[in-house]
Amino acid sequence: MIVLGIETSCDETSAAVVSGGRRVLSSVVSSQFDLLECHGGVVPELSARRHVTAIVPVVEQALREAGVDLDEIDAIAVTQGPGLAGALVVGVNAAKGMAYALDRPLVAVNHLEAHIYANWLCDAPDLPAEPVFPILCLLVSGGHTELILMTGHGRFRHLGRTLDDAAGEAFDKGARLLGLGFPGGPAIENAARKGDPRAFELPRAWLSGTHDFSFSGLKTALLRLTEPMRVPESDRAPELTSATSPSGPFRPHRAPVFPDDSPIAELAAGFQEAIVEPLAVKTARAALEFGVRTVVLAGGVAANALLRERLRHEVLELCGPGVPVAYPRFAYCTDNAAMVAGAAVWIIRRGDLVGWEVDVHPRLSLMPN
Ligand code: KG4
Ligand code: ZN
């Protein structure tokens, strides 16, 4: 079965063609870096407008790169939610139109489920083994931080979640405080390479006795440390605005500036460590408690090398070599449509097709209420 996937839940316009739920034939992601850079984050209205202009060329490129014609597509899959309403509308309507015109089934995919199924994707001819159930999944993205027990395809149980900021959101806010740009995860990871993580003491919220997480105290601690180090606004040249700026009518973001000898690398390293440590340690403890057979990482923060390494280390220490830790290929950690097309096959197998009345669901959750 060949599925065309479409993803527009936030700021990436993406289309992909996946065969058999696992083999990626093409994956095209168009990012809005100029907008993000300018505003230090996503502005929903601007993002939605970009999706409108990007969606058709992105789908065409995905079909071309896969070497398949439209009539070879067996089903169309699209992210229904969670995400930004105006962004989701673009993808859902593009998918509806194509499925109707081609007379193919339409599959509405939960973005969080798609992130988890990115662990089944592969672009090499030899497919690696599928993760074995029961699976413990640490889903860490810009909008979510959830610990999920997966007992079979489409069968999820919530164990814990963040009580405030998501892990990716913490990386983004931390990078903003350090003047490192957006998205914050890769920016902090890069800056941290040259820094000693023990140079500053940063707090970890352990929330003992729960499988929950919290990152807002850490963010406040970083704010307190960096505020006195910043170059004061009164010493900075005024911002020059241009008529052609991608900010349009919105005020551009003004990043903080630090003197050259500021310990940005040390702060970035300490901050990264303080996010990663509770995630890795608490996930390993839950893996032992629930006797899972695999641990998987999912979501944009799964691209973080320190998190991958620490999670593998903690699970090996606590559960032994019999419980492997898997993570998606780097390209399928952050938002992409290949994970949507991949998840669709498992959804079709359980008979979950949708009709033309399907609409976006910005607050869609993984668990039925
Ligand atoms: O899954 P994703 O692309 O979008 C959402 O569904 O939210 O995740 C985006 C998040 C951003 O917060 C970004 O800073 C973070 O993933 N991220 C990372 C890394 N790459 C992306 N965080 C830490 N380390 C990375 N290498
Ligand atoms: Zn995502």
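Residues numbered from 1 in each chain as written. Chains lettered and ligands numbered in written order. Predicted model: local features only at pLDDT ≥ 70, side-chain atom pairs only at ≥ 80, totals over all residues. Heavy atoms only, no water.

J.: I'd like to hear about the packing of aromatic side chains, residue by residue, with values.
T.: Tallying each qualifying case throughout the model produces five aromatic pairs. Centre to centre, the rings of Tyr100 and Trp356 are 5.2 Å apart; their planes meet at 80°, and the pair counts as edge-to-face. Note that Tyr100 is positioned in helix α3 (residues 85-102) and Trp356 in the segment after α10 (338-349), a separation of 256 residues in sequence. By relative accessible area, Trp356 is classed as partly exposed at 40%. An angle of 35° between the planes, with centres 6.3 Å apart, marks the rings of Trp120 and Phe133 as tilted. Of the two residues, Trp120 sits in the loop between α4 (111-117) and β6 (135-140) while Phe133 sits in the loop between α4 and β6, which places them 13 residues apart along the sequence. Judged by relative accessible area, which is 1%, Trp120 ranks as buried. (Phe/Tyr/Trp six-rings, centres within 6.5 Å; stacked < 30°, edge-to-face > 60°. Helix = DSSP H or I, 4+ residues; strand = E, 2+ residues; numbered from the N terminus. Buried < 20%, exposed > 50% of the residue type's maximum accessible area, 1.4 Å probe, protein only.)

J.: Can you break down the sheet that holds β6 residue by residue, with the values?
T.: Ordered by their spatial adjacency, five strands build an open sheet running β8-β7-β6-β9-β10, and the pairing between neighbours is mixed. Edge positions in the sheet fall to β8 (155-161) and β10 (325-326), since each has one partner strand and no second. As paired strands, β6 and strand β7 (residues 145-152) are joined by six bridges and run antiparallel to one another. Bridge pairing links Cys137 to Ile148 in β7. Where helix α8 (residues 264-290) meets the sheet, it contacts β6, β7, β8 and β9 (294-298), and its direction lies at approximately 160° from that of β6. Of the strands in this sheet, β6, β9 and β10 touch helix α9 (residues 305-319), which is tilted by about 165° from β9. (Pairing = 2+ DSSP bridges. Contact = heavy atoms within 4.5 Å. Axes fitted to C-alpha atoms, helices over the stretch in contact; angles between N-to-C directions.)

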